[in-house]
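Overview (structure and organization)
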Amino acid sequence: MFKDLVIKSRSYRKFNENVRIGKDELYLMIDTARYTPSTVNLQALKYKLVFDRDECEKVFSALKFAGLLKGKGTPPEGMRPAAYIIILCDKTIADDLKFDSGIAAQTILLSAAEMGYGGCMLGSVDRDSLFEMYGLDKERYIIELVIALGKPAENIIIEDIEQGESTAYYRDDKGNHYVPKRKTDDLIIE
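Residues numbered from 1 in each chain as written. Predicted model: local features only at pLDDT ≥ 70, side-chain atom pairs only at ≥ 80, totals over all residues. Heavy atoms only, no water.

Secondary structure summary: the chain contains 6 helices and 8 strands in total. Expected size for 190 residues packed as a compact globule is a radius of gyration near 16 Å; at 17 Å, the chain falls within 12% of this value. C-alpha atoms of the chain, sized along the principal axes, occupy 45 × 45 × 30 Å. Burial statistics for the chain: of 190 residues in total, 42% are counted as buried. Residue pairs in contact within the chain that sit at least 24 positions apart in sequence constitute 75% of those at least 6 positions apart. When the accessible surface of the chain is totalled, it reaches about 10900 Å², and 50% of it is carbon and sulfur. In the chain, which carries 27 positive and 31 negative side-chain charges, the distance between the mean positions of the two groups comes to 2 Å. (Helix = DSSP H or I, 4+ residues; strand = E, 2+ residues; numbered from the N terminus. Rg over C-alpha atoms; globule rule 2.2 N^0.38 Å. Buried < 20%, exposed > 50% of the residue type's maximum accessible area, 1.4 Å probe, protein only. Contact = heavy atoms within 4.5 Å. Areas by Shrake-Rupley, 256 points an atom, 1.4 Å probe, with all protein chains shown as cover. Lys, Arg positive; Asp, Glu negative; His and termini not counted. Charge placed at Lys NZ, Arg CZ, Asp CG, Glu CD.)

Here you go:
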């Protein structure tokens, strides 16, 4: 069922770093994402695939993970992402896309989940470092998001909450990652 795939597609931040993701698998994720809706069908998104272990370390240094966990959400060595997809907007095609990168990123994560991987969308990114690292043209591209990918190595527990309770994710002393979710009835306006 599609709902099961969506539930499986969580924001993972710890991975089995020894399970690598290859170029062909990343290519398939992008091939899937290219079918998503695009503002005025402009298709202005471009993707930088990163899967080499050394390159992954460089990208990792430009990212901030799990801001709500106040420094405790950064994956330790050995549990870092095995690959990244840097989502860029090509300003020669369009420069005011409001939703395209989110739609594409979610589709990539669903594709990854179907393959047995997990990931996390990251917006807290040192974009200047990535531009310099890859020689990307700042006049041409906007770095929208970075998707961290790998074989999940953490337990994520989704819990329904009552109205008024905090939606902030958290970890317990055993490292379980809790994701509070509002109940469906609380989302529907009658």
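There's plenty left to go through after this.
Here the focus is the sheet that holds strand β7 (residues 170–171). With mixed pairing, the 3 strands of this open sheet are ordered in space as β6-β8-β7. Looking at the sheet topology across the chains shown, the edges are occupied by β6 (156–161) and β7. Taken together, the 2 bridges between β7 and strand β8 (residues 177–182) define a ladder with antiparallel strand orientation. Across the sheet, R171 pairs through a bridge with H177, a residue of β8. (Pairing = 2+ DSSP bridges.)

Before going further, it helps to spend a moment on the nonpolar core. Within the largest apolar cluster, 23 residues are counted, with the highest numbers of intra-cluster contacts made by I21, M29, I85, I87, I108, I147 and L149. Broken down by secondary-structure element, the contributors of at least two residues to this core are α2 (23–33), β3 (83–90), α4 (100–114) and β5 (141–152). With 5 residues, the single largest contributor to this core is α4. (Core = buried A, V, L, I, M, F, W, Y, C linked by side-chain atoms within 4.5 Å.)

What follows deals with the pairing of β8. Taken together, the 6 bridges between β6 and β8 define a ladder with parallel strand orientation. Directly across from I156, in β8, lies its bridge partner H177. Here β7 folds back onto β8, and the loop between the two strands holds 5 residues, one of which, G175, carries a positive phi near 90 degrees.

Okay, the packing of helix α3 (residues 53–60) against helix α5 (residues 127–134) next. Contact pair α3 / α5: the axes reach a minimum separation of 10 Å and the direction vectors enclose 150 degrees. Relative to α5, the element α3 lies roughly antiparallel. Taken together, the residues of α5 that come into contact with α3 (itself represented by E55, K58 and V59) are L130, M133 and Y134. A class-by-class count of the residues in the contact of α3 with α5 yields 4 nonpolar, no polar and 2 charged. (Axes fitted to C-alpha atoms, helices over the stretch in contact; angles between N-to-C directions. Parallel < 35°, antiparallel > 145°, perpendicular 65-115°, else oblique. Nonpolar A, V, L, I, M, F, W, Y, C, P; charged D, E, K, R; others polar.)

The next subject is the environment of F60. With respect to the secondary-structure elements, F60 resides in helix α3. The class for F60 is buried, based on a relative accessible area of 9%. Each C-alpha atom of the pair F60 and Y84 lies 8.9 Å from the other, and the pair is 24 residues apart in sequence. Beyond its immediate chain neighbours, meaning those up to four positions away, F60 contacts F65, T74, P75, R80, P81 and Y84.

Geometric descriptors of this kind do not, in isolation, establish any biological role.
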